[in-house]
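Observations on the model geometry
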Amino acid sequence: MRILGIESSCDETGLAVYCTERGLLGQALHSQVDMHERYGGVVPELASRDHVRRVVPLARQALADSGLTIADLDGIAWTEGPGLAGALLVGAAVGASLAWALGRPGIGVHHLEGHLLSPLLADDPPPMPFTALLVSGGHTQLLAVEGLGRYRLLGDTLDDAAGEAFDKSAKLLGLGYPGGPALSRLAAQGTPARFRLPRPMLNDPGLDFSFSGLKTAVRTQVARGIGSESDRASLALEVESAITEVLAVKAVRALHDSGHRRLVVAGGVSANRQLRERLGQAAQREGFGVWFPPPALCTDNGAMIAFAGALRLQALARLGQLPAVPCGFTVKPRWPLHELE
Ligand code: KG4
Ligand code: ZN
């Protein structure tokens, strides 16, 4: 089964073809980061218009990269939610129209399920069940993954997401958008323990997170004055340490709760070097396995949508319930992952 995946929920237009027999065949991606940077964040209307401009040329590019023509596709998958309504509508409209024109099944995919399953695109994928730490610009969740579509929420953020904490702290430090990667690069030159920021909810017994207090602490420190460029790097390092320490400690605690021996980390923040190091060390110490997506698939992309769509269509085909050729579509800008079946 060869499935074209379309991702357009935020500021990346991602197209890819996944084949259930041969794996990922080809992909094409455009990031709007440069366009949004001068506004300090994503401008939804600009995002939608750019998706409109890019989606068809990128679909052609992904097909060419795969060595396929459009007639070779067995189905189309697109991101149905959550995300920006106008941006989602672009991918859904193109995906459903394409499926209708080809007379093939089409399926709307949950963006976070795409992230969640993306580590399975690695060479040595983890078997289910596993516990997942999902850390992106909009989400920070711990989930028990018992099987495809069987996701139990273990912990969530009460306010800012981990990626948001990176982005907002980066902005306070005068770094561009998105701040996560830039802050992490600056942190590499920092001196440990030069500053001390709070580890929000670290010692609370539950698995929930809160990151808005951290941002306030960074703001207070910046207002007091940071000093030299090397101090700025040290503060960046402390921000990175505070966020990744809380994430790592709670992820290990979640494994104890779920009883799983495997941890999967996904979403944009899973690219973070310090988070990977901490979880790698914890895995060695505690004897569990840890999996990350291939670096190129950490942030938004079409491959994870093609892959999740292919697994979904394959499961439905086994049940003799392949969806009909679509003659309409919906998007769900708000769509909790644990509402999936
Ligand atoms: O999953 P993603 O591409 O988009 C959402 O669905 O939100 O995640 C984007 C987030 C941004 O907040 C970005 O700053 C963060 O992931 N991010 C990082 C790194 N790379 C991306 N944060 C920390 N360190 C990184 N290396
Ligand atoms: Zn995402």
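Residues numbered from 1 in each chain as written. Chains lettered and ligands numbered in written order. Predicted model: local features only at pLDDT ≥ 70, side-chain atom pairs only at ≥ 80, totals over all residues. Heavy atoms only, no water.

Note the cis peptide between G81 and P82, where omega equals -15 degrees. Along the chain, P82 falls in the loop between β4 (75–81) and α3 (85–102). Between M128 and the following residue, P129, the backbone shows a cis peptide bond with an omega angle of 5 degrees. With respect to the helices and strands, P129 occurs in the loop between α4 (111–117) and β6 (130–135). Positioned with a positive phi, A193 is a non-glycine residue whose angle comes to about 65 degrees. Looking at the secondary structure, you find A193 in the loop between α6 (179–187) and α7 (212–224). In this structure, M201 is a non-glycine residue whose phi angle is positive, near 65 degrees. Along the chain, the position of M201 falls in the loop between α6 and α7. (Helix = DSSP H or I, 4+ residues; strand = E, 2+ residues; numbered from the N terminus.)

Attention now goes to the site of ligand 1. In the vicinity of ligand 1 lie 18 residues, with G137, D167, G180, G268 and N272 positioned nearest. Within the side chain of H111, a nitrogen or oxygen atom sits 3.4 Å from an oxygen atom of ligand 1. Within the side chain of D167, one N or O atom sits 2.6 Å away from an oxygen atom of ligand 1. Residue assignment for the shell around ligand 1 shows that the elements contributing at least two residues are α4, α5 (162–172) and α6. (Near = heavy atom within 4 Å. Polar contact = N/O pair within 3.5 Å; in protein donor to acceptor, adjacent residues only side chain to side chain.)

At 2.0 to 2.2 Å from the zinc ion (ligand 2) lie its protein donor atoms, namely H111 (NE2), H115 (NE2) and D300 (OD). The coordination sphere of the zinc ion (ligand 2) comprises four donor atoms, whose angles at the metal cover 91 to 142 degrees; the geometry is irregular. Classification of H111 as buried rests on a relative accessible area of 7%. (Donors = N, O, S within 2.8 Å, 3.2 Å for Na, K, Ca; no water. Tetrahedral: all angles 85-135°; square planar, octahedral: opposite > 155°, others 65-115°. Buried < 20%, exposed > 50% of the residue type's maximum accessible area, 1.4 Å probe, protein only.)

Below, the discussion takes up the domain arrangement of the chain. When the domains of the chain are assigned, the result is domain 1 (2–117 + 298–339) and domain 2 (128–292). Placing a centre on the C-alpha atoms of domain 1 and another on those of domain 2 gives a separation of 27 Å. Each side of the interface is counted separately: domain 1 has 20 residues, and domain 2 has 23 residues. When the area that domain 1 buries against domain 2 is broken down by residue, the three leading residues are L116, C298 and H338, summing to 34%. Inspection of the region where domain 1 meets domain 2 yields four residue pairs in polar contact (both at pLDDT 80 or more). Taken together, the elements giving at least two residues each to the side of domain 1 that touches domain 2 come down to α1 (33–37), α4 and α10 (302–318). Looking at the side of domain 1 that touches domain 2, its residues break down into 10 nonpolar, six polar and four charged. (Domains from an automatic or database assignment. Contact = heavy atoms within 4.5 Å. Buried area = accessible area lost by both parts, 1.4 Å probe. Nonpolar A, V, L, I, M, F, W, Y, C, P; charged D, E, K, R; others polar.)

Bridge count for strand β7 (residues 140–147) against strand β8 (residues 150–156) is six bridges, and the pairing is antiparallel. Its bridge partner being in β8, V145 is matched across the sheet by Y151. Linkage of β7 to β8, two consecutive antiparallel strands, is achieved through a turn of two residues, within which G149 is found at a positive phi near 80 degrees. (Pairing = 2+ DSSP bridges.)

What follows covers the sheet that holds β4. Reading across from one edge, β3-β2-β1-β4-β5 is the order of the five strands in this open sheet, with mixed pairing throughout. Only two strands of the sheet have a single neighbouring strand rather than two, namely β3 (23–31) and β5 (106–110). Across this sheet, the average inter-strand angle for adjacent strands is 20 degrees, counted without regard to direction. Pairing of strand β1 (residues 2–7) with β4 involves four bridges; the strand directions are parallel. The residue of β4 that forms the bridge with G5 is A77. (Axes fitted to C-alpha atoms, helices over the stretch in contact; angles between N-to-C directions.)

As a further point, take the nonpolar core. Across soluble globular proteins, nonpolar side chains have a tendency to be buried as a group. Core analysis: the largest hydrophobic core is formed by 48 residues, its most contacted members being L133, I243, L247 and L279. Elements supplying a minimum of two residues to this core: β6, β7, α5, α6, α7, α8 (229–258), β9 (262–266) and α9 (273–286). Contacts of L247, omitting those with residues within four sequence positions, involve L133, V135, T140, A162, F209, F211, V269 and L275. L120, L143, L311 and W335 belong to the second-largest nonpolar core, a separate cluster that totals 33 residues. (Core = buried A, V, L, I, M, F, W, Y, C linked by side-chain atoms within 4.5 Å.)

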